[in-house]
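A closer look at the structure
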Amino acid sequence: MIAALIALASAGPVRCDPEAAASLLTEARIAEDRAPVSHPELVPGLALASPNTAPDLSALLTELCTGDSPDLSLVVSDVWREGDWSAHTFLLTRAEAVGCSLHTRTAALTVGVREDGIRYALRDARERTASTPMVGCDDLPEWTEEKIVGGAQTPERLVLVTEHKGDDIVGTRVLARRALPDGWTDQVILEPAPPRLLDPQADGPRVMMTETGERWIVETHERTTGADGCRPIQGQRLWHPTADGWVEASGGEALGMLASRGLWRYAGEDGWIAVVAQDDEEDEALVAARARRLGRRNRHDLTLLKSSAFPELNPGFSIAVLGPFGTEEEAKASLKRYRGGGRRYVKRAWTAVDGCAED
């Protein structure tokens, strides 16, 4: 692991001194917004010199850079470019011998390059440590691995983190990673990670990232095994990105959100709908107008769907519905309480994927 870090590290020595980093940038006639690409080794020093650096990053950089000639390396990690901004991550590692092992501390620095300036921050507030025993040392090695399990080539990524000690995994978590104009951010959404994410044959839910449109993270298709064989467990929850981070939705709310985008394959239960109004697909505006009138009358908004998005509905219609619901009984009860509408009926829109099916 140490060899890999050295191989990927930036070519020049890491510069922590703010004045020296700024001076080198001036001498090279390089704008600060180009430094993450052309001179990444200057990023720690530039961050300490900048007024746009998060306080927790400044404190950690000062700590990692303290001492006479600290053994520092910098690795270029995630990069995303979008229009007039870009987001970069650098892994700054300090190594030192402790007893008979080489210990490392790694901080993930993120840089957001925008038209109105540059922002420096920590991608993840949780510092990562590792320990590599030297020859003849009885200490157990310790390290952290991460694996992108969804959205590898997108600005939203699903990341599995595993912490190791010797032959054992001692900690796991699932991160939602996202590139923004201020840089990359990590948010822990599950800790520990579901066993099935580490081993496809294990119990528990699948955790997936949707692949079209705005990307959501979905926990679904849960199962449990025992003496009586495999049993699927109904339900789902999802996380969707907002300006304030990834927000969780579960149960019926999550089911409705998935249905609104035709993402029924990610649902962990069947989808039953109560149709209150419908018309030909090209007459969606008429259906929307009826739905607004009915919504005002009942003080309960309807959901507009395309029937072609669901496998158990006849294609070619725009429909205004209550639901979806996980059972036929819930859909029928909801329709009884709702006043008005044209042709009214309850129908299953999809059958959930079997959580006991092989991955």
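Residues numbered from 1 in each chain as written. Predicted model: local features only at pLDDT ≥ 70, side-chain atom pairs only at ≥ 80, totals over all residues. Heavy atoms only, no water.

**A few points about the confidence of the model for the protein chain**
Looking at the protein chain as a whole, the pLDDT averages 93, with 97% of positions reaching at least 70. The low-confidence segment residues 1-10, where pLDDT is below 50, has 16 contacts with residues more than four positions distant or belonging to other chains. (pLDDT = per-residue confidence, 0-100. Contact = heavy atoms within 4.5 Å.)

**Observations concerning the pattern of salt bridges**
Applying the stated criterion across every chain yields a total of 22 salt bridges. The shortest N-O distance in the salt bridge between Glu127 and Arg105 comes to 2.5 Å. With Glu127 in the loop between strand S4 (117-122) and strand S5 (128-133) and Arg105 in strand S3 (residues 101-114), the pair connects residues that are 22 residues apart, well separated along the chain. What makes Glu127 partly exposed here is its relative accessible area of 29%. Note on Arg105: relative accessible area 22%, which makes it partly exposed. A single network of salt bridges, built from pairs that share partners, joins Asp78, Arg123, Arg128, Glu146, Arg157, Arg177 and Asp186. (Salt bridge = Lys/Arg side-chain N within 4 Å of Asp/Glu carboxyl O. Helix = DSSP H or I, 4+ residues; strand = E, 2+ residues; numbered from the N terminus. Buried < 20%, exposed > 50% of the residue type's maximum accessible area, 1.4 Å probe, protein only.)

**So, the sheet that holds strand S17 (residues 317-325)**
Strand order in the open sheet formed by 4 strands is S16-S17-S15-S18, and the pairing between neighbours is antiparallel. Each edge of the open sheet is held by one strand with a lone partner, namely strand S16 (303-306) and strand S18 (345-350). The average angle at which neighbouring strand axes cross in this sheet is 50°, direction not considered. In terms of strand pairing, S16 meets S17 through 4 bridges, oriented antiparallel. Residue pairing for S17: Thr303 is matched across the bridge by Val321. Each of S16, S17 and S18 is contacted by helix H7 (residues 251-260), which is oriented at about 160° to S17, the strand it contacts most. Contacting strand S15 (271-280), S16 and S17, helix H8 (residues 284-298) runs over the sheet at an angle of about 120° to S15. (Pairing = 2+ DSSP bridges. Axes fitted to C-alpha atoms, helices over the stretch in contact; angles between N-to-C directions.)

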